[in-house]
Amino acid sequence: MLEQNGQSHTPMVEVSHSSRAVAQEEEVKSLPINHEKIQQSCTPKATGPDAKVILVTGAGGFVGFHTAMALHRRGDGVLGYDNFNEYYPSTLKRDRQAQLELAGVHVVDADLIDEAVMSEVFSICRFTHVLHLAAQAGVRYAVKNPQAYVHSNLAGFVTLLEVIRHQKQKSVPGAGALKEEELDMIKQKARDTPGVPVLVYASSSSVYGLNTKVPFSETDRVDRPASLYAATKKSNEMMAHTYNNIYGISTTGLRFFTVYGPYGRPDMAYFSFTNAIMAGKPIKIFQGPGGSELGRDFTFIDDIVAGCVAALDRAPPSTPGVRNTVYNLGNTHPVNVSDFVGILETHLGKEAKREYVPMPETGDVLMTHADVSKAMDELGYRPSTSLTVGLEKFVKWYKSYYKGGTLHKDQLNYKPA
C-alpha cells in the first residue's frame, strides 16, 4: 500500500485466521450495525475544507481493502461495507477486515441490496465521497451462477445510487467569483452538511469484450461484451451516466486491468497458479485459436490504489451539469501467460507442471492492453511496478501468510470456477 508519496508500507500485523465454519456462521444478509464504531470510523483525522469522509464498499475485497487502508492512513474518515460472501473463501476477507479494524477502519457487515441498512449508514455518516468497489467478480463463474451478478452488480448498484441521490443536493458556487478564504468556508460548510456525495466506482477492462483493436481506449465502442460479468459492468457505466444526467451525481468509472498483489483474490490466475505450483499440482494455461497465447495487462495493486485515490481527489463535486467519465487503470505492458508463469516460477523457486488447454467458452478474451493516456493527463496516474517486481512482492507475502501451506487449508484447497 502507498502513502501519497508512493512509498510502500511495512508488512501487515499478523492476525488469527478464521475457519470456514466460523465464516459460514457469520454469513447472513446484514448484521446489526454499531453506531459508535461507524461514527468513529467516519471521523477524519485531517482537518480543513478538503477533509474527506469516504464510504468504501467491498472493503473486505482485494482492492477495497488496500484502498481503504491508504485513505485512512492519509487522514480521511473511512467506513467499509461488505457482505463477505463465499465466492472465494471468506476467511481471507475476514483477515483483511481484521487488519482494517486494527487500523481503525470499521467495516459494516451488510448486503448492498439492503437499502434500510445502507440508508441508516448514510444517516450516521456525512459522506463526501463513495468509492464503490463491491461486486460479484469473476468472468467464468457467471456461467454457473448468473443470478449472483444480477443481485450484486445490478440490483446492488441501483440500491446504492438511489441512496446517494436522496441525499440533500448541495449548491456550490463557481470558484471564479469567490476569494480563496470564502471558497474554503463554503467547502467546509458543504462537508459539514449532508449532501450528494461524489461517486467513484469500479468498472472493468472486460467491458472491451470482443474488441480486437489494442491498446483499449476509453473512446472505443464497448457494446459487445464477451461475458455476463462484462455486461453487468457496462450496465454499471450506463446506470452511472443516467443518475449523473438526472440527479447531478458526480460519477467516475475506473476500468481495472488484471489487478494482482498481496492479499489478492484466490480466483485469479497468479494466486491459483501459486497454490498449484507450491502443492506440486499441474496448472492449466488457456490457449486461443491455433495455440495462440493469451495476454494480460497485469497491474500491481499499489498502482491501482494510486489511481483510485487520484480519482477521488480529482472528481468534481456533485451538482447539476457535472461531468460523468471513465478511466482505464492498467500497466500498459501486456505479458503472455507463459512468460508470466516463468516469472512466478523464478520467485517461487519451483517449476510449474504446465498443461496447455483450449480456452473454454465462458467469456474470457484473448488480450487486454490498456491505453492510460487519459488517466495520466487528468489524474496524474503513473503505473510504475513491473510484473517481475510485483510478483516478487506477492510471493513474499504469500509465503509469509501461508507459512509453507501449513495453515488455513480452507483457502489452500479452494478451486476457482
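Residues numbered from 1 in each chain as written. Predicted model: local features only at pLDDT ≥ 70, side-chain atom pairs only at ≥ 80, totals over all residues. Heavy atoms only, no water.

Per the secondary structure count, the chain includes 15 helices and 13 strands. Relative to its 417 residues, the chain shows a buried fraction of 55%. Of the contacts formed within the chain by residues at least 6 apart in sequence, a portion of 83% connects residues at least 24 apart. Of the accessible surface of the chain, which amounts to about 17,700 Å², a share of 52% is contributed by carbon and sulfur atoms. (Helix = DSSP H or I, 4+ residues; strand = E, 2+ residues; numbered from the N terminus. Buried < 20%, exposed > 50% of the residue type's maximum accessible area, 1.4 Å probe, protein only. Contact = heavy atoms within 4.5 Å. Areas by Shrake-Rupley, 256 points an atom, 1.4 Å probe, with all protein chains shown as cover.)

With respect to the secondary-structure elements, Gln-97 resides in helix 4 (residues 90-103). Judged by its relative accessible area of 15%, Gln-97 is buried. The spatial distance from the C-alpha of Gln-97 to the C-alpha of Ala-59 is 7.5 Å, given a sequence separation of 38 residues. Apart from residues no more than four positions distant in its own chain, Gln-97 is found in contact with Phe-84 and Val-107. In terms of polar contacts, Gln-97 uses its side chain to reach the side chain of Arg-94, at 3.0 Å. (Polar contact = N/O pair within 3.5 Å; in protein donor to acceptor, adjacent residues only side chain to side chain.)

In terms of burial, strand 5 (residues 198-202) is a largely internal element, five of the five residues being buried. Alternating residues of strand 5 divide into Val-198, Val-200 and Ala-202 and Leu-199 and Tyr-201, and every residue in both groups is buried. In this structure, strand 5 lies alongside strand 6 (residues 251-256), joined through four bridges in parallel fashion. Bridge pairing in strand 6 places Leu-199 opposite Thr-251. (Pairing = 2+ DSSP bridges.)

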